[in-house]
Amino acid sequence: MVETTGGGPGDGAAEVLDRPLPDGVRRRVVHIVSDGFGGLTVGELPAQLRQYARFAPNRRAKFAGNAMAAALETDPLFRQRIGEKFREAQPELCGALDSGAPPPAADPLDVAAAAYVLRPTGWVKLVTAAGEEALRADAERAGDEARAELERLREELAAARDQTRAETERLRTELESAKKEAESLHRKLRAAHSDVKRGEAALRKVQGEMDAVRAEGQAQVSAAESETRRLKARLGEAEAALEATRRAAREGRSVEDMRVRLLLDTVLDAAQGLRRELALPPVSVRPAETVDAVEPGRMTPKDIAARALSENDPAILDQLLALPQAHLVVDGYNVTKTGYPQMPLEKQRLRLLGQLSQLAAQTGAEVTCVFDGAELAAPVLLAPPRGVRVLFSKPGVTADELIRQLVRAEPPGRPVIVASTDREVADGIAKAGARPVASAVLLKRLS
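Below or above, wherever it landed, is the structure these notes cover.

1. Looking at the sheet that holds strand β2 (residues 366–371)
- Reading across the sheet, the 5 strands line up as β3-β2-β1-β4-β5 and stay open at both edges, with parallel pairing between neighbours. At either margin of the open sheet sits one strand with a lone partner, and together these are β3 (388–392) and β5 (435–437). Strand after strand, the sheet turns through a mean of 20° between neighbouring axes, direction not considered.
- Two elements, β2 and β3, share 5 bridges in a ladder whose sense is parallel. Residue pairing in the sheet places T368 in a bridge with R389 of β3.
- Where helix α12 (residues 399–409) meets the sheet, its contacts fall on β1 (327–331), β2, β3 and β4 (416–419), and the angle it forms with β2 comes to roughly 155°.

Put into structure tokens, the structure is as follows:
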């Protein structure tokens, strides 16, 4: 019986629906397929529906509705299997459809959906009739709803008219009362307006007098403030000039005292050294006996060059440092990058300062080592070795300029030796009276 219903030549399989399936019928068809879906094995399902085999019926109808409707339409075998499951679930309805007499009390949509799945003879008419019945039912339901809505709107309109009439009467009464109150307020307003005009006239008179007094007071205050500012400015200028004068006098006195004292010590040490070198006996002559005497010359750093020594001989540095109050100024990075440039800057500084400390201890000379501050990535935490003064140039000032400042700060006549291979530095300090020495000579002496 099932096979005959599913696709025999005498049934309705050859019939074709020439219009879209009504929405109500389609929903019932999807529901029938979803219910019969669970009774089939995975192998009995079309390939496109196997992924929904484990879904619940409601979830299956929601997510696979279009796919199930398409499979039912295009796959006769799948439709036959769904029809068999539906016959097992609804045997009475299926039997009535097979006999060609659907139950009169059945829902037309259920009848049309069952006919669409089972495809009995005349199923297209059943589906078409169900669609038309659904449309008529929708139209009747819409008409009933429209009539109900129209009645409700008529009732609301009548209520609104009644309310509007009552509101109009109330507003008319309030308007009459408001008119009377407005007339009373208008009379009071005219009286108040006259009072305000008289008050404004009196206020303008008082304001004029106050403005005159205020202008006079402001003029006096401005004059006093101007005089105060002028006196403060003159006082500040006087204080600044006094402080500058005091600072200049204090600094000038201290610098000059230091220079004179250092020069005096240099002269005294030079005189004592010259006396020892010449082996002069104690002065035993009288002043009158020295009138025609010739004053002996002083030895200076430039006189050392007259001796038979090469400029590259380290002994020349010893002779220079043996002069009284000699001051050795070292161009730090110029010396280290000449002697051991492959070492890191920190180790270059430590090595040079250690050697200079030994040289200062051996010669007793004043030693100052100058480094270029621009070479530093961060401030240096350095404890200067004994006998060596360590200086770093400030931002914007090179080590060469700092060396020239040190040479210019010395008093004329003091032996100053500068160790650097920088020709510009050597020429500059030579003009200032210092003695340049090549970095290689200092390195030979230190090694």
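2. Some points on the nonpolar core
- Counting 33 residues, the largest nonpolar core has V29, L72, F78 and I82 as the members making the most contacts within it.
- Only α2 (23–37), α4 (65–74), α5 (76–89), α6 (91–99), α7 (108–118) and α8 (123–278) provide two or more residues apiece to this core.
- If one sorts the elements of this core by residue count, α7 sits on top with 9 residues.
- Aside from chain neighbours lying at most four places away, what touches I82 is I32, V33, G36, F37, L40, L72 and V117.
- Residues A360, F371, V388 and V390 belong to the second largest nonpolar core, which totals 29 residues.

3. Notes on the packing of aromatic side chains
- Inspection of the entire model under this criterion finds 2 aromatic pairs.
- Three or more aromatic residues joined by ring pairs form one cluster here, namely Y333, F371 and F392.
- Lying over the aromatic face of Y333, K337 brings its terminal NZ or CZ to 5.5 Å of the ring centre.

Basis of the calculations
- Residues numbered from 1 in each chain as written.
- Predicted model: local features only at pLDDT ≥ 70, side-chain atom pairs only at ≥ 80, totals over all residues.
- Heavy atoms only, no water.
- Pairing = 2+ DSSP bridges.
- Helix = DSSP H or I, 4+ residues; strand = E, 2+ residues; numbered from the N terminus.
- Axes fitted to C-alpha atoms, helices over the stretch in contact; angles between N-to-C directions.
- Contact = heavy atoms within 4.5 Å.
- Core = buried A, V, L, I, M, F, W, Y, C linked by side-chain atoms within 4.5 Å.
- Buried < 20%, exposed > 50% of the residue type's maximum accessible area, 1.4 Å probe, protein only.
- Phe/Tyr/Trp six-rings, centres within 6.5 Å; stacked < 30°, edge-to-face > 60°.
- Lys NZ or Arg CZ within 6 Å of the ring centre and 35° of its normal.

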